[in-house]
Amino acid sequence: MSKAKRKSGITFRPDRHSVVRIGTKIALYVFLCITGFVFLYPLLKMISMSFMTSDDLVNPLVSWVPYGFEVSNFTRAMEVLGYGSTLVTTIYVSVLPALLQTLVCALTGYGIARYKFRGKNILFGLILATFIIPSQITMIPQFLMYRNLGILYSLKAYLLPAVFGQGMKSAIFVLIFVLFFQQMPVSLTEAAEIDGANQIVIFTKIAVPVAKPGFLISFLLSVVWYWNETYLGSLYFGANIKTLPMKLENFVETFNKMISASEAGTGVTANEAVQMAGTFLIMLPLLLLYFCAQRQFIEGIEKTGITGE
C-alpha cells in the first residue's frame, strides 16, 4: 500500500456481492462455451474434414487443420449429388408443403383457440395424439391410402396431406398456433366485429400479426423436417423424386459409378473427406435459411407485445 493511502487510512476491500456476481458470470460463460462447443463440435469437425486430402485423413498428426486444403472435395461431391438440379428439387419438395402446412395449421389453431364448439377438447386431444403416435405405426396404412388415392410417386403425397392438416408433425404446429392465438385479447376481436369486420379480416389483420413468430418458427421447422426426411420420401416418391439427403444415402455407390477409367488407377475413392463435403453442402441451405430468418424471428417476438386478458 502506498504512503498516501496509509496516511489517509483508507483500505480498499472488494465487495463481497460483486465478487459473487463476477464469479457467477464467469461460471455461466464457461458453461455456455462448453455447451456451445458440444453442439458445434460435429459441424466444425465436418468442415475441417471436408478440406482434408487422403494423406491428411490417415495422418495421425492432423486433427483439425489440414496441411493442404482440398477444394476439389466439394467439386466431386457436387458432381455426385447433381447439386444444382437436385437442390431445386429439394427446395420445391420442402418449401411448398411447408407453406401449405403452416397455413392450414394456423387456421386450425385459430379455430380451436378462438371458437367454442362441442367436442373441441376431444378434437384437440386427437390432434395431439397424432404427434405422439410413432410414424412407423401409421406409414403402412398411409401408404395403402395414398396408393388408393393415386398420389404415390409424386409430390401430391406431400401436398395433399398438408392441405388437410396431416402434414409432417402438423400437430406440434397446431399447438404452437393455439398458444399464440390464445394470447390475443378478446377486446380486439370484439372491437373489430363492432366496426363491421368479418372473420377473414379479423384473422388476416389482427390474428396473423399476433402470431408472426409462430408462423416463422412453424415454417422453419416444417422446412427442416421435410428437407431431412429420407425414409418416407423414398417410400412415397420411389425413384421419381430424389432429394439431396436421399442421394447422400447412396453417395459412395454413385461416386464409384462416376469414376472414369482414367481415374480408376489413380486411387481416387469416396473417402470421408468427400462424404463430409457432400454432407456440408446439404446442410448449407438450411444454415443460410436460419441465419437469414434469425433476426426477423427475434424482432417478431419483440413486436408481439399483446398479452391475454
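Residues numbered from 1 in each chain as written. Predicted model: local features only at pLDDT ≥ 70, side-chain atom pairs only at ≥ 80, totals over all residues. Heavy atoms only, no water.

With 87% of its residues at a pLDDT of 70 or more, the protein has an overall mean of 83. Mean pLDDT values over the elements of the protein span from 49, in helix α1 (residues 3–8), up to 93, in helix α5 (residues 83–114). Note that pLDDT drops below 50 for residues 1–5; the model gives that stretch five contacts with residues more than four away or on any other chain. (pLDDT = per-residue confidence, 0-100. Helix = DSSP H or I, 4+ residues; strand = E, 2+ residues; numbered from the N terminus. Contact = heavy atoms within 4.5 Å.)

Another aspect to go through is the environment of Y146. For Y146, the position within the fold is in helix α7 (residues 135–149). Note on Y146: relative accessible area 5%, which makes it buried. In the structure, Y146 is positioned 15 residues away from P161 in sequence and 9.5 Å away in space, judged by C-alpha atoms. The residues touching Y146, leaving out its near neighbours within four places in the chain, are I151, L152, A157, P161 and Y236. (Buried < 20%, exposed > 50% of the residue type's maximum accessible area, 1.4 Å probe, protein only.)

For the rest of this paragraph, the subject is the side chain of S50. With respect to the helices and strands, S50 occurs in helix α2 (residues 16–50). Side-chain polar atoms of S50 contact the backbone oxygen of I47, separated by 2.6 Å. Not counting residues within four places of it along the chain, the set of residues in contact with S50 comprises E70, N73, F74, A273, M276 and A277. (Polar contact = N/O pair within 3.5 Å; in protein donor to acceptor, adjacent residues only side chain to side chain.)

This next bit is on unusual backbone geometry. Despite not being glycine, Y153 shows a phi value in the positive range, around 60°. Assessed through its relative accessible area of 41%, Y153 is described here as partly exposed. Its identity as a non-glycine residue notwithstanding, K169 has a phi of 60°, on the positive side. Relative to the helices and strands, K169 is located in the loop between α8 (156–163) and α9 (170–182). The exposure class of K169 is partly exposed, given its relative accessible area of 40%.

Attention now goes to the environment of L43. Mapped onto the fold, L43 is located in helix α2. Not counting chain neighbours up to four residues away, the residues in contact with L43 comprise F280, M283 and L287.

When two helices pack together, their arrangement is given by the angle between the helix axes and the distance between those axes. Helix α15 (residues 251–258) packs onto helix α4 (residues 72–81) with a crossing angle of 100° between their chain directions and a minimal axis gap of 9 Å. Comparing the axis directions of α4 and α15 gives the class roughly perpendicular. Where α4 approaches α15, its residues R76, A77, E79, V80 and L81 are matched on the opposing element by F251, T254, F255 and M258. Taken together, the residues of the contact of α4 with α15 sort by class into six nonpolar, one polar and two charged. (Axes fitted to C-alpha atoms, helices over the stretch in contact; angles between N-to-C directions. Parallel < 35°, antiparallel > 145°, perpendicular 65-115°, else oblique. Nonpolar A, V, L, I, M, F, W, Y, C, P; charged D, E, K, R; others polar.)

By the element assignment, T279 lies in helix α17 (residues 272–303). Among the polar contacts made by the side chain of T279, one reaches the main-chain carbonyl oxygen of Q275 at a distance of 2.8 Å. T279 has contacts with M46 and L248, leaving out every residue within four places of it along the chain.

What follows concerns the packing of α5 against α8. Where α5 meets α8, the closest approach of the two axes is 8 Å, and the angle between their N-to-C directions is 10°. The orientation of α5 with respect to α8, classified from their angle, is roughly parallel. Contacts from V93, L96, P97, L100, Q101 and V104 in α5 reach Y158, L159, A162 and V163 in α8. Grouping the constituent residues of the contact of α5 with α8 by class yields nine nonpolar, one polar and no charged.

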